[in-house]
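These are the residues of each chain, in order.
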Amino acid sequence: MADLVDNAPLRHAIAQFVEKSDQSTYLEVVRNILHGSLLLDTTGSEIAMTEDGSSIAEGSTFAFREGTGPDGERALFAFTRQAEVVRMHEDAPAAVQTVAQPAAATLAFAVEQGYTWLYLDPAGPTCGVKLADIEFALKTARNDAVKTALDTDGPTWMKTAVIDALSKGGTLLYAVNETPDGVQVRTSTNPDGQHVALAFTSAAEVVVRSTTDSWTAIDVSRIVSDALGENFSGLVINPAGPWVELNRDDLLQVQSRLAP
């Protein structure tokens, strides 16, 4: 499993942050860190499997590679692929042990264990994420199925995957601009200049587009119904990219497949 992990979108975001370290590139790391899988370095752990090889045997112990952040607080190390872990053990690459798990689960584990930082690919290029900066996204509704579908290769395959994911229901987020005159739900225009509704798979996707916006979780069925209103030509999901625009026919297909 570990050899199959290759979180290329996150590694690309880290490289962009190293090249130009500012708020926008940091937020790109934050929004990408919620998806895909990560590896933890467990080299030196004493792990035994049950006789049938289906689970870890009782008495096994895990040691997770960690360090300290710039403020001296504890930092858990996490990696986007096996090769990045091996770079930490160039003197004994054959001894490397890793555990793979979903990125969101890694973040939750780091918070539960009292870490303050998560350092990604610490052999470099690297980015240290303060866990306090990501907790808001962990506590807010996310639609991981739609986000994963947006990473599908090929625009036609991707749209089909998104329609399938939306048809399972759940929620997406609206970006909200709060003013003294009231609350405004963010909308936009597509490349053809047509008015489109906007929706997001996580709070991090909202913030990376506008750090001053708030968000609210809405049922997919309501979002589809709103986007089918007379004022919109369709729905754009995650405009910061990768993004998809669903036209009225696409939305009607989702609507027909949603459970009553």
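Model, not experiment: these values are computed from the prediction.

1. Details of the packing of aromatic side chains
Reasoning step 1: Summed over the entire model, instances satisfying the criterion amount to four aromatic pairs.
Reasoning step 2: Centre to centre, the rings of F136 and W215 are 5.7 Å apart; their planes meet at 40°, and the pair counts as tilted. With a gap of 79 residues between them, F136 in helix α5 (residues 135-139) and W215 in strand β11 (residues 214-219) connect regions that are remote in the sequence.
Reasoning step 3: A relative accessible area of 26% means that F136 is categorised as partly exposed.
Reasoning step 4: Seen from the ring of Y115, R74 lies directly overhead, with NZ or CZ sitting 4.0 Å from the centre.

2. Points about the pairing of strand β7 (residues 171-179)
Reasoning step 1: One ladder, built from six bridges, connects β7 with β11; its direction is antiparallel. Following the sheet pairing, Y174 is matched in β11 by T216.
Reasoning step 2: Across four bridges, the pairing between β7 and strand β8 (residues 182-185) is antiparallel. Note on β8: the bridge partner recorded for E178 is V183.
Reasoning step 3: Connecting β7 to the next strand, β8, in antiparallel fashion are two residues.

3. A short note on the side chain of D41
Reasoning step 1: With respect to the helices and strands, D41 occurs in strand β1 (residues 37-41).
Reasoning step 2: D41 gets classed as buried once you look at its relative accessible area, which sits at 1%.
Reasoning step 3: Within the structure, D41 has its side chain in polar contact with the side chain of T43 (distance 2.7 Å).
Reasoning step 4: Apart from the residues within four sequence positions on either side, D41 is in contact with A63, F64, R65, F79, V85, H89 and Q97.

4. Here we look at the sheet that holds strand β5 (residues 117-120)
Strands pair in a sheet through their backbones, by hydrogen bonds, and they do so in one of two ways: parallel or antiparallel.
Reasoning step 1: The strand order β2-β3-β5-β6 describes an open sheet built from four strands, whose pairing is mixed. Because the sheet does not close on itself, it has two edges, and the strands there are β2 (66-68) and β6 (127-130). Within this sheet the neighbouring strands show an average axis-to-axis angle of 35°, counted without direction.
Reasoning step 2: Here strand β3 (residues 74-78) pairs with β5 via four bridges, running parallel. By the bridge assignment, L76 is partnered in β5 with L118.

5. Details of the layout of surface pockets
Reasoning step 1: Looking at the largest pocket, its volume works out to about 320 Å³.
Reasoning step 2: Among the secondary structure elements, those contributing two or more residues to the lining of the largest pocket are α1 (8-19), α2 (23-32) and α6 (144-150).
Reasoning step 3: Broken down by element, the residue count for the lining of the largest pocket peaks at six residues, all from α1.
Reasoning step 4: Class assignment of the residues belonging to the lining of the largest pocket gives a composition of seven nonpolar, nine polar and five charged.

6. Remarks on the sheet that holds β7
Reasoning step 1: Taken in spatial order, the three strands of this open sheet run β8-β7-β11, and their pairing is antiparallel. On the outer flanks of this sheet lie β8 and β11, each paired with one strand and no other. Taken over all neighbouring pairs, the strand axes of this sheet differ in orientation by 40° on average, direction set aside.
Reasoning step 2: Along the sheet, helix α9 (residues 220-227) makes contact with β7 and β11, crossing β11 at roughly 100°.

Conventions adopted
Residues numbered from 1 in each chain as written. Predicted model: local features only at pLDDT ≥ 70, side-chain atom pairs only at ≥ 80, totals over all residues. Heavy atoms only, no water. Phe/Tyr/Trp six-rings, centres within 6.5 Å; stacked < 30°, edge-to-face > 60°. Helix = DSSP H or I, 4+ residues; strand = E, 2+ residues; numbered from the N terminus. Buried < 20%, exposed > 50% of the residue type's maximum accessible area, 1.4 Å probe, protein only. Lys NZ or Arg CZ within 6 Å of the ring centre and 35° of its normal. Pairing = 2+ DSSP bridges. Polar contact = N/O pair within 3.5 Å; in protein donor to acceptor, adjacent residues only side chain to side chain. Contact = heavy atoms within 4.5 Å. Axes fitted to C-alpha atoms, helices over the stretch in contact; angles between N-to-C directions. 1 Å grid on protein atoms, 1.4 Å probe; cavity = no way out; pocket = protein on both sides within 12 Å on 5 of 7 lines; lining within 4 Å. Points joined across faces, edges and corners; volume = space filled by probe spheres on them. Nonpolar A, V, L, I, M, F, W, Y, C, P; charged D, E, K, R; others polar.

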